[in-house]
Amino acid sequence: HAVIRQGFRQLAVTIGHAQSYRPVWWFFVACFFSLNAINTILVFMAVYTKRVLGFSDAELIRFFLVGQGCAVVGALVGGQVVQRLGAKRTLAFVWGGWLLALSCAAVTRDVRAWWLIGPVIGFCLGPTWATSRVLLIELAPPHQLAEFFGLAGFLGRASSIISPIVWGLIMWDPSRYRHALIVLVGLLAIGIWMLRHVP
């Protein structure tokens, strides 16, 4: 119990440190909302494509192979774009790609469209984590970088719990899958809006 209490005390101290650096704090807030949506997609994509879209096992394998291939390409392209545009602009474009893909998924009724949506999601997945880490390195004071990376990891884990629970509650009725996607679109939109406050 003492170890747990110490852990929570240290977490509170780290959050206080992050709040004292406004650019870092806005970055964490933006990431929390956006990663809620992204982590939910990663967790439920296989279930969604199989249960809602009716993909067969063979189609599901092909779908994810194409997505993974696009993720590799996206990671390579993202590395080049970061050097040219900077981490913040690159991350905004990447999250914008997620937003576009999820918006299309929410409005389309054509299963074939997912063969375009899936590669876009895969392409955006590649540079998502690396670009956010580069931006954190640029924003955080060097002597607190490890501390803030720990906080980033904590928020990433938290976002992988909260949003999937919300998704599961909405998808309790499978006919409401569009509502669930719209919620994810809203979370991404909030994240992109918050990113505007990062210098």
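Before reading further, recall that the structure is shown in the block above.
Residues numbered from 1 in each chain as written. Predicted model: local features only at pLDDT ≥ 70, side-chain atom pairs only at ≥ 80, totals over all residues. Heavy atoms only, no water.

Student: Would you mind going over the packing of helix 3 (residues 57-85) against helix 5 (residues 114-139) with me for this structure?
Tutor: Two quantities define a packed helix pair, namely the angle between the helix axes and the distance between the axes. Put simply, helix 3 and helix 5 touch, their axes get as near as 6 Å, and they point 40° apart. It follows that helix 3 is oblique to helix 5 by the angle criterion. Crossing geometry of helix 3 relative to helix 5 is assigned as right-handed. Of the residues belonging to the contact of helix 3 with helix 5, the class tally is 14 nonpolar, seven polar and two charged. (Axes fitted to C-alpha atoms, helices over the stretch in contact; angles between N-to-C directions. Helix = DSSP H or I, 4+ residues; strand = E, 2+ residues; numbered from the N terminus. Parallel < 35°, antiparallel > 145°, perpendicular 65-115°, else oblique. Left-handed = near helix turned anticlockwise from the far one by under 90°. Nonpolar A, V, L, I, M, F, W, Y, C, P; charged D, E, K, R; others polar.)

Student: Help me understand the side chain of Thr131, please; the structure alone is not making it clear to me.
Tutor: Here Thr131 lies in helix 5. A polar atom in the side chain of Thr131 sits 2.6 Å from the backbone oxygen of Pro127. Other than its neighbours up to four places away in sequence, Thr131 contacts Val82, Ala87, Thr90 and Leu91. (Polar contact = N/O pair within 3.5 Å; in protein donor to acceptor, adjacent residues only side chain to side chain. Contact = heavy atoms within 4.5 Å.)

Student: Would you explain the packing of helix 1 (residues 2-20) against helix 2 (residues 22-51) in this entry?
Tutor: Two numbers describe how helix 1 lies on helix 2: the axes approach to 5 Å, and their chain directions differ by 115°. Classified by the interaxial angle, the pair formed by helix 1 and helix 2 is roughly perpendicular. Note on element contacts: helix 2 touches helix 1 through Arg22, Val24, Trp25 and Phe28, opposite Ile15, Ala18, Gln19 and Ser20.

Student: For this particular structure, what's the right way to read the nonpolar core?
Tutor: Judged by nonpolar contacts, the single largest core of 51 residues is most densely connected at Phe27, Phe28, Trp95, Trp98, Trp114 and Leu181. When contributions to this core are tallied by element, the ones reaching two or more residues are helix 1, helix 2, helix 4 (87-107), helix 5, helix 6 (145-170) and helix 7 (177-195). The element best represented in this core is helix 2, accounting for 12 residues. (Core = buried A, V, L, I, M, F, W, Y, C linked by side-chain atoms within 4.5 Å. Buried < 20%, exposed > 50% of the residue type's maximum accessible area, 1.4 Å probe, protein only.)

Student: Explain the pattern of salt bridges to me, please; I cannot follow it from the model alone.
Tutor: Pairing is possible between side chains that carry opposite charge, provided their charged atoms lie close to one another. Inspection of every chain in the model, using the stated rule, returns two salt bridges. Asp57 serves as the salt-bridge partner of Lys50, at 2.5 Å between the closest nitrogen and oxygen. A salt bridge links Asp110 to Arg112, with the nearest nitrogen and oxygen atoms 3.1 Å apart. Residue classification places Asp110 among the partly exposed residues on the basis of a relative accessible area of 32%. (Salt bridge = Lys/Arg side-chain N within 4 Å of Asp/Glu carboxyl O.)

Student: Explanation requested: the packing of aromatic side chains in the structure shown.
Tutor: Geometry of an aromatic ring pair is reported as the spacing of the ring centres plus the angle between the planes. In the structure shown here, the tally under the stated rule is 11 aromatic pairs. Residues Tyr21 and Phe148 carry aromatic rings whose centres are separated by 6.2 Å and whose planes lie at 75° to one another, so their mutual orientation is edge-to-face. Taken together, the residues span a long stretch of sequence, with Tyr21 in the loop between helix 1 and helix 2 and Phe148 in helix 6 at a distance of 127 residues. With centroids separated by 6.0 Å and ring planes inclined at 80°, the aromatic side chains of Phe32 and Phe33 adopt a geometry described as edge-to-face. Judged by its relative accessible area of 24%, Phe32 is partly exposed. Judged by relative accessible area, Phe33 falls into the partly exposed class, the value being 24%. Three or more aromatic residues link up through ring pairs in this structure, and these residues are Tyr48, Phe55, Phe63, Phe64, Trp114, Trp115 and Tyr177. Here Arg196 stacks its cationic end above the ring of Trp193, 4.1 Å away from the centre of that ring. (Phe/Tyr/Trp six-rings, centres within 6.5 Å; stacked < 30°, edge-to-face > 60°. Lys NZ or Arg CZ within 6 Å of the ring centre and 35° of its normal.)

Student: I keep staring at a nonpolar patch on the surface and nothing clicks. Help me out?
Tutor: A cluster of nonpolar side chains, Ile161, Ile162, Ile165, Val166, Leu169 and Val183, forms an exposed patch at the surface whose accessible area comes to about 520 Å². The dominant element in the nonpolar patch, judged by the number of residues it contributes, is helix 6, at five residues. Relative to the helices and strands, Leu169 is located in helix 6. By relative accessible area, which is 60% here, Leu169 ends up exposed. (Patch = residues over 30% accessible without salt bridge, like charges linked within 9 Å, V, L, I, M, F, W, Y side chains within 5 Å. Areas by Shrake-Rupley, 256 points an atom, 1.4 Å probe, with all protein chains shown as cover.)

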